[in-house]
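Commentary on secondary and tertiary structure
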Amino acid sequence: MSNLEHNPAEVNCSEVTSHAEVEVLTPREVPLGGPRAMTVFRTLPQKQRSLIGAWCFLDHYGPDDVKATGGMNVPRHPHTGLQTVSWLFTGEINHMDSAGFKATVRPGEVNLMTAGHGISHSEILTDGTTILHGAQLWTALPEHARDMEHTFENYRPESLSGPGWSMSVFMGSYEISGQRSASPIVTHSELGGAELRLEPNTQIEILVPEHHEHGILLDSGALQLNGHQLAPRDLGFVRAGSTTLRLASGDEPVLALLIGGEPLKEDILMWWNFVGRTHEEVLAFRAQWQAEIGAEPGDASEDRFGPFPPGTPAALPAPALPTVRLRPRVNPS
């Protein structure tokens, strides 16, 4: 997914954050497009916290009636230095990228695109989709992998289940009630991700790596995380040091996502759809993209973001750069 904000800010990853056991991050609403825009609810990045492990972006959306809003139809746009992770609850999206990968994103399947050195892709609703509901996430690639070749992976996990609960692990490895599931999806730092479903008045404990940070995004229902109440669309953050996440549902069924990972202790700079390290690097990414799509004059000889088939919709131009220098920061531990 593209960040479609007209004036995307730099992400300052050095804010002082609370050391409470559970820190509740509330979303801000971001419209995707024009007057009939679909609204997404963004919990990462924000002033309170920019990263959970290497997870650096989280948009949650729906259930959305695409006849009323137009849904998600994002034309070709660029990425560098990150992986995109798509997870749907309802609906389908067609993915196409400049590396030649084509896939349909379906509920219960993770689709992971590694941008690495640079890639461009589009995300267009399938004709049969009437309701769209899910999440789009990014992970920042660490220094050793951020200039790698692009890749694409698809995986449908088998659910673990027990009395009143189910869990589908799409990245990393988690254990619950003596059952463990591990995903074959390749990551370049330690990461985890899972879908959780709880019936009313159910309590579970998930064993998690002690050196990881963790986040629980609540989609629907009422949920307590380690004794702290979350409201729908909240992201509950638990810093490294916990070995168990204790979840308890209320009187309604719960749908939630679990993300986690080893803290990324690197200076990164996020602006628009680029993850880089310096102001000059991000300026070069933007200039290269604008030259490649013919939006601004420049040297397009590198072809960093790759070709797209003829006849596809016009590519998305980059926003204007802010007037101040972009500054990389390290995320708080």
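Before reading on, note that the structure itself is shown above.
Attention here is on the structure that accompanies the text. The structure displayed is predicted, hence computed values, not measured ones. (Residues numbered from 1 in each chain as written. Predicted model: local features only at pLDDT ≥ 70, side-chain atom pairs only at ≥ 80, totals over all residues. Heavy atoms only, no water.)

**Topic: the environment of glycine 91**
On the secondary structure map, glycine 91 appears in the loop between β6 (82-90) and β7 (93-97). The spacing of glycine 91 and glutamate 281 is 190 residues in sequence and 37 Å in space, taken between C-alpha atoms. Ignoring sequence-local partners within four residues, the contact set of glycine 91 consists of Val105, Arg106, Pro107, Thr129, Ile131 and Leu132. (Helix = DSSP H or I, 4+ residues; strand = E, 2+ residues; numbered from the N terminus. Contact = heavy atoms within 4.5 Å.)

**Some points on unusual backbone geometry**
Most peptide bonds take the trans form, and the phi angle of most residues other than glycine is negative. Omega for the bond connecting leucine 44 with proline 45 falls within 30 degrees of zero, at -5°, which places this linkage in the cis form. Within the element layout of this structure, proline 45 appears in the loop between β3 (38-44) and β4 (55-65). A cis amide bond links glycine 62 with the next residue in sequence, proline 63, at an omega value of 0°. Structurally, proline 63 is set in strand β4. Within the chain, arginine 233 stands out as a residue other than glycine whose phi angle is a positive 80°. With respect to the element layout, arginine 233 can be found in the loop between β21 (228-230) and β22 (235-238).

**Section: the sheet that holds strand β8 (residues 102-105)**
Spatial ordering of the open sheet is given by β5-β10-β7-β8, a layout of 4 strands whose pairing is antiparallel. Edge positions in the sheet fall to β5 (73-79) and β8, since each has one partner strand and no second. Sheet twist, expressed as the mean angle between neighbouring strand axes with direction ignored, is 20°. Of the pairings in the sheet, the one linking β7 to strand β10 (residues 119-125) comprises 5 bridges and is antiparallel in character. Bridge pairing in β10 links isoleucine 93 to leucine 125. (Pairing = 2+ DSSP bridges. Axes fitted to C-alpha atoms, helices over the stretch in contact; angles between N-to-C directions.)

**Some details on the pattern of salt bridges**
This structure, assessed with the given rule, holds 13 salt bridges. Among the salt bridges present, the one from aspartate 59 reaches arginine 42, with a minimum N-O distance of 2.6 Å. Placement of aspartate 59 in strand β4 and of arginine 42 in strand β3 is noted, with a sequence separation of 17 residues between them. By relative accessible area, which is 0% here, aspartate 59 ends up buried. Between glutamate 175 and arginine 180 there is a salt bridge, and its shortest N-O distance comes to 3.2 Å. (Salt bridge = Lys/Arg side-chain N within 4 Å of Asp/Glu carboxyl O. Buried < 20%, exposed > 50% of the residue type's maximum accessible area, 1.4 Å probe, protein only.)

**Considerations on the packing of aromatic side chains**
Per the stated rule, a full pass over the model turns up 9 aromatic pairs. Plain terms: the ring middles of phenylalanine 101 and phenylalanine 152 are 5.8 Å apart, the flat faces sit at 25° to each other, and that makes the pair stacked. One end of the pair, phenylalanine 101, is in the loop between β7 and β8; the other, phenylalanine 152, is in strand β12 (residues 151-155), and 51 residues separate them in sequence. Note on phenylalanine 101: relative accessible area 30%, which makes it partly exposed. Taken together, the aromatic side chains of Trp271, Trp272, Phe274, Phe285, Trp289 and Phe305 make up a single cluster linked through ring pairs. Across the ring face of phenylalanine 237, the terminal group of arginine 49 is positioned such that the distance to the ring centre comes to 4.1 Å. Of note, arginine 233 hangs over the ring of phenylalanine 41, and the distance from its end group to the ring centre comes to 3.8 Å. (Phe/Tyr/Trp six-rings, centres within 6.5 Å; stacked < 30°, edge-to-face > 60°. Lys NZ or Arg CZ within 6 Å of the ring centre and 35° of its normal.)

**A word on the pairing of β5**
Of all the 7 residues making up β5, 5 are buried; the element is thus mostly covered by neighbouring parts of the structure. As paired elements, β5 and β10 share 5 bridges and run antiparallel to each other. Within the sheet, the bridge partner assigned to histidine 77 lies in β10 and is histidine 121.

**Notes on the nonpolar core**
If you look at the biggest cluster of nonpolar residues, it comprises 39 residues, and the most contacted ones within it are Leu44, Trp55, Val85 and Met171. If we skip the residues at most four places from it in the chain, methionine 171 touches Trp55, Val85, Leu112, Ser183, Ile185, Thr187, Leu191, Gly192 and Gly193. Core analysis: the second largest hydrophobic core is formed by 24 residues, Met167, Ile204, Ile216 and Leu230 among them. (Core = buried A, V, L, I, M, F, W, Y, C linked by side-chain atoms within 4.5 Å.)

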